[in-house]
Amino acid sequence: MHVTTRGPIDGPPVLLIHGNCSSSGFWEPLLRHLPAHWRIVAPDLRGYGDSPALPVDATRGVRDFADDIAPLLTSFGTKPVVVGHSLGGGVAMQLLLDHPDAIAALVLEAPVSPYGFGGTRDADGTPTTPDFAGTGGGSANPDFVRLLAAKDRGTEEQASPRNVMRAFYVASPESFGDDEELLLDTMLSTATGEDNYPGDGSTSENWPGVGPGTRGVLNTLSPRWLNLSGIVDLPVKPPITWIRGDQDAIVSDGSFFDLAQLGKLGLVPGWPGEEACPPQPMIGQTRAVLSRYGSFREVVFENCGHSPHVERATEFADILKEVVEP
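Residues numbered from 1 in each chain as written. Predicted model: local features only at pLDDT ≥ 70, side-chain atom pairs only at ≥ 80, totals over all residues. Heavy atoms only, no water.

Novice: Give me the lowdown on the nonpolar core, citing residues and values where you can.
Specialist: In globular proteins that are soluble, nonpolar side chains generally tend to be buried together. Ranked by size, the top nonpolar core spans 64 residues in total, and within it Leu 15, Ile 17, Leu 87, Leu 106, Tyr 169, Met 187 and Ile 231 carry the most contacts. Ignoring any residue separated from it by four or fewer positions in sequence, one finds Leu 87 in contact with His 18, Gly 19, Asn 20, Leu 45, Tyr 48, Val 62, Phe 65, Val 217, Thr 220 and Leu 221. (Core = buried A, V, L, I, M, F, W, Y, C linked by side-chain atoms within 4.5 Å. Buried < 20%, exposed > 50% of the residue type's maximum accessible area, 1.4 Å probe, protein only. Contact = heavy atoms within 4.5 Å.)

Take a look at the structure:
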């Protein structure tokens, strides 16, 4: 596993876990605003950045990613603050489940719902269908996957990685500034295929006709395999800070990556209606689980999208300082 490090070994420890279709380099806009005396460790998850494209066993949820990172928790000499973005938020929660005594605090930035991505209907994570239709590798946009694999840097096709990054990673693409090419590089570092992104899929008798497979990234997030709500029962509960943007189009109660929401908007044909297949209430689910967990703080940035540490780097850094050095 490739790991980026910065700062003195004995500095306050911070472990940064990046999200899907990015790498440790996606933290660069934030790193400029963090104290130089902190010990920063930012790994590339398997299949991203400069880490090997090892296969991902989705039947373990996000445990392959968490198990790769777990040794870093004890590499600091003292408990680190763990920061997870999007998919990385799910990995951070898995680390909390597996190693609650090894974490000082958790910062979840636009994290995947504790009940996974898609295919659930209420705050308790009740499955919409028995086979979790509409989730996993089969739910990926094939044009985006094709262009990601081709490392396309253009804007001619709507599903190009650059267009997706501009439209969905932030609310205001102007916030990329001079970092756009760097951030696009992290996106294009994603290994594609059935063992990585997006993974394999299956057919379903339920709308929209596709379901989760057993391999690859998007299947790790299917509620068939992922349920992180067990954090509410941990005997040790490090404090959690949940940071999100109010304009997040990826992790929201009306996500543009949730096929049920796209069906509701008429963008995927045949949607069976709100009662049969409602959009996943992602924010409501996270709030419900964290409320039961108990020790958490929710911070919402206005007019901000899926990546507050990019759009509001200074403000994000200020909140992180309150957690790391209260």
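On we go from here.
Novice: Report on a nonpolar patch on the surface, specifying residues and quantitative values.
Specialist: Together, Phe 256, Phe 257, Leu 265 and Leu 267 give the surface a local cluster of nonpolar side chains, amounting to about 380 Å² of exposed area. For Leu 267, a relative accessible area of 56% gives the class exposed. (Patch = residues over 30% accessible without salt bridge, like charges linked within 9 Å, V, L, I, M, F, W, Y side chains within 5 Å. Areas by Shrake-Rupley, 256 points an atom, 1.4 Å probe, with all protein chains shown as cover. Salt bridge = Lys/Arg side-chain N within 4 Å of Asp/Glu carboxyl O.)

Novice: Help me get a handle on the environment of Ile 250, residues and values and all.
Specialist: Looking at the element boundaries, Ile 250 is found in the loop between strand E10 (240-245) and helix H8 (259-264). Once residues within four sequence positions are removed from consideration, Ile 250 is found in contact with Phe 117, Phe 168, Tyr 169, Ser 255, Phe 257, Met 282 and His 306. (Helix = DSSP H or I, 4+ residues; strand = E, 2+ residues; numbered from the N terminus.)

Novice: Explain the sheet that holds strand E11 (residues 296-301) to me, and be specific about the residues and the numbers.
Specialist: Pairing within the open sheet is mixed, and its 7 strands lie in the order E1-E3-E2-E4-E5-E10-E11. For this open sheet the edge positions go to strand E1 (3-6) and E11, each flanked by a neighbour on one side alone. Taken over all neighbouring pairs, the strand axes of this sheet differ in orientation by 15° on average, direction set aside. Where E10 lies against E11, 6 bridges are found, and the strand directions are parallel. Its bridge partner being in E11, Ile 240 is matched across the sheet by Phe 296. Each of E1, strand E2 (13-17), strand E3 (39-43) and strand E4 (81-85) is contacted by helix H2 (residues 63-73), which is oriented at about 170° to E2, the strand it contacts most. The strands touched by helix H11 (residues 313-324) within the sheet are E2, E4, strand E5 (105-109), E10 and E11, with E11 carrying the most contacts at an inclination of about 170°. (Pairing = 2+ DSSP bridges. Axes fitted to C-alpha atoms, helices over the stretch in contact; angles between N-to-C directions.)

Novice: Help me get a handle on the packing of aromatic side chains, residues and values and all.
Specialist: Here the structure, examined in full by the defined rule, presents 4 aromatic pairs. With a centroid separation of 6.4 Å and 45° between ring planes, the pair formed by Phe 168 and Phe 256 is classed as tilted. Of this pair, Phe 168 sits in helix H5 (residues 161-169) while Phe 256 sits in the loop between E10 and H8, placing them 88 residues apart in sequence. Overall, Phe 168 belongs to the partly exposed group, its relative accessible area being 24%. Positioned above the aromatic ring of Tyr 293, the side-chain terminus of Lys 237 is 5.4 Å from the ring centre. Here Arg 244 stacks its cationic end above the ring of Trp 242, 5.5 Å away from the centre of that ring. (Phe/Tyr/Trp six-rings, centres within 6.5 Å; stacked < 30°, edge-to-face > 60°. Lys NZ or Arg CZ within 6 Å of the ring centre and 35° of its normal.)

Novice: Can you explain the pattern of salt bridges? Please cite residues and give values.
Specialist: If the charged atoms of two oppositely charged side chains come close together, the side chains can form a pair. Tallying each qualifying case throughout the model produces 21 salt bridges. A salt bridge links Glu 181 to Arg 162; its shortest N-O distance comes to 2.8 Å. With Glu 181 in helix H6 (residues 180-188) and Arg 162 in helix H5, the pair connects residues that are 19 residues apart, well separated along the chain. Using a relative accessible area of 37% as the deciding quantity, one classes Glu 181 as partly exposed. Glu 298 is the salt-bridge partner of Arg 244, the closest N and O atoms lying 3.0 Å from each other.

Novice: Describe the environment of Gly 213, naming the residues involved and giving the relevant values.
Specialist: Mapping Gly 213 onto the fold places it in the loop between strand E9 (210-212) and helix H7 (217-220). Apart from the residues lying within four places of it in its own chain, the contact partners of Gly 213 are Asp 200, Gly 201, Ser 202, Asn 219, Arg 224 and Trp 225.

Novice: Account for the packing of H5 against H6, naming residues and giving values.
Specialist: Put simply, H5 and H6 touch, their axes get as near as 10 Å, and they point 110° apart. Accordingly, the angle class assigned to the pair H5 and H6 is roughly perpendicular. In this structure, H5 contributes Pro 161, Arg 162, Val 164, Met 165, Arg 166 and Tyr 169 to the contact, and H6 contributes Glu 180, Glu 181, Leu 183, Leu 184, Met 187 and Leu 188. Here the residues of the contact of H5 with H6 sort into 8 nonpolar, no polar and 4 charged. (Parallel < 35°, antiparallel > 145°, perpendicular 65-115°, else oblique. Nonpolar A, V, L, I, M, F, W, Y, C, P; charged D, E, K, R; others polar.)

Novice: Which residues make up the side chain of Glu 311, and what are the values?
Specialist: Relative to the helices and strands, Glu 311 is located in helix H10 (residues 308-311). The buried charged residue Glu 311 lacks any salt bridge partner; its closest oppositely charged side chain belongs to Arg 312, at an N-O distance of 5.9 Å. Looking at Glu 311, its side chain comes within polar contact range of the main-chain nitrogen of Gly 305, at 2.6 Å. When sequence neighbours within four positions are dropped, the list of residues in contact with Glu 311 reads Val 170, Ala 171, Ser 172, Ser 175, Asn 303, Cys 304, Gly 305 and His 306. (Lys, Arg positive; Asp, Glu negative; His and termini not counted. Polar contact = N/O pair within 3.5 Å; in protein donor to acceptor, adjacent residues only side chain to side chain.)

Novice: Give a description of the state of the cysteines that names residues and reports values.
Specialist: For the structure shown, the criterion picks out 0 disulfides. Cys 21 carries a free sulfur, and the closest cysteine sulfur to it, the one in Cys 304, is 19 Å from it. Judged by its relative accessible area of 4%, Cys 21 is buried. (Disulfide = S-S within 2.5 Å.)

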